[in-house]
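Here is what each chain is made of, one letter per residue.
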Amino acid sequence: EYLAIQGGGRRFTGDHYMMFVRRGAGDASARIGVTVSRKVGNAVLRNKVKRWVRESCRRMRGELPAGVDLVVVARPSAAGAGYGPTASELANLARRVRGLR
């Protein structure tokens with residue numbers, strides 16, 4: 001499903017993250033997936049980046065449109081970003097996604 005969303009969805013890019021968005025199957029809340037490759041760093045760093053992304057998405061869940069599937073892909077620069085810039089960038093990308101509808 002990740003590859004289908006990345007291949008067939010709209011792409012929104014930021015400095016440290018890319019967000020792929022595709023209409024989901026139903027009217028349920030947004031489904032979110034996170035991809036952090038080895039280019040970002042070792043396992044400890046990749047897990048830290050995933051925690052930042054998941055927490056940022058959890059806090060902005062109400063702002064995301066219902067019925068969409070999202071995949072957040074971390075770029076190598078995400079390792080040095082920290083939680084604050086991650087939350088800010090993902091909130092900005094979510095606003096751009098909302099603007100589509």
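What counts and how
- Residues numbered from 1 in each chain as written.
- Predicted model: local features only at pLDDT ≥ 70, side-chain atom pairs only at ≥ 80, totals over all residues.
- Heavy atoms only, no water.
- Helix = DSSP H or I, 4+ residues; strand = E, 2+ residues; numbered from the N terminus.
- Rg over C-alpha atoms; globule rule 2.2 N^0.38 Å.
- Buried < 20%, exposed > 50% of the residue type's maximum accessible area, 1.4 Å probe, protein only.
- Contact = heavy atoms within 4.5 Å.
- Areas by Shrake-Rupley, 256 points an atom, 1.4 Å probe, with all protein chains shown as cover.
- Lys, Arg positive; Asp, Glu negative; His and termini not counted.
- Charge placed at Lys NZ, Arg CZ, Asp CG, Glu CD.
- Polar contact = N/O pair within 3.5 Å; in protein donor to acceptor, adjacent residues only side chain to side chain.
- Axes fitted to C-alpha atoms, helices over the stretch in contact; angles between N-to-C directions.
- Parallel < 35°, antiparallel > 145°, perpendicular 65-115°, else oblique.
- Left-handed = near helix turned anticlockwise from the far one by under 90°.
- Nonpolar A, V, L, I, M, F, W, Y, C, P; charged D, E, K, R; others polar.
- pLDDT = per-residue confidence, 0-100.
- Pairing = 2+ DSSP bridges.
- Right-handed = clockwise from strand over helix to strand, strands pointing away.

## Focus on the overall build of the protein chain
At step 1: Of the regular secondary structure elements, the protein chain holds 3 helices and 4 strands.
At step 2: In the protein chain, the order of α-helices and β-strands from amino to carboxyl end is α-β-β-β-α-β-α.
At step 3: Here the C-alpha radius of gyration of the protein chain, 13 Å, is about what a compact globule of 101 residues would show, namely 13 Å.
At step 4: Along the first, second and third principal axes, the C-alpha atoms of the protein chain reach 35 × 25 × 20 Å.
At step 5: Every one of the 101 residues in the protein chain was classed for burial, and the buried ones make up 40%.
At step 6: The long-range fraction of contacts in the protein chain, counting pairs at least 24 apart against all pairs at least 6 apart in sequence, stands at 82%.
At step 7: Accessible surface, the protein chain: about 5,700 Å² in total, of which carbon and sulfur atoms supply 48%.
At step 8: The distance from the centre of the 20 positive side-chain charges to the centre of the 7 negative ones in the protein chain is 5 Å.

## Section: the environment of Arg46
At step 1: Structurally, the position occupied by Arg46 is in helix H2 (residues 43-59).
At step 2: Between the alpha carbons of Arg46 and Pro76 there is a distance of 9.8 Å; along the sequence they are 30 residues apart.
At step 3: Among the polar contacts listed, one links the side chain of Arg46 to the backbone oxygen of Gly41, at a separation of 2.8 Å.

## As for the packing of H2 against helix H3 (residues 83-98)
At step 1: It is the contact of H2 with H3, at a shortest axis distance of 9 Å, that shows an interaxial angle of 45°. On the basis of the axis angle, H2 is oblique to H3. In terms of crossing hand, the pair formed by H2 and H3 is right-handed. On H3, the residues touching Trp52, Val53, Glu55, Ser56, Cys57 and Arg59 of H2 are Tyr83, Thr86, Ala87 and Leu90.
At step 2: In terms of residue class, the contact of H2 with H3 is built from 6 nonpolar, 2 polar and 2 charged.

## What to know about the confidence of the model for the protein chain
At step 1: Across the protein chain, the average pLDDT comes to 90, with 96% of residues at or above 70.
At step 2: Ranking the helices and strands of the protein chain by mean pLDDT puts H2 first, with 95, and helix H1 (residues 2-8) last, with 90.

## Structural notes on the pairing of strand E3 (residues 31-36)
At step 1: Judged from the 6 bridges that link them, E3 and strand E4 (residues 68-74) form a sheet pairing that is parallel. In the sheet register, Val36 faces E4, and the bridge partner there is Ala74.
At step 2: Handedness of the crossover joining E3 and E4 through H2 is recorded here as left-handed.

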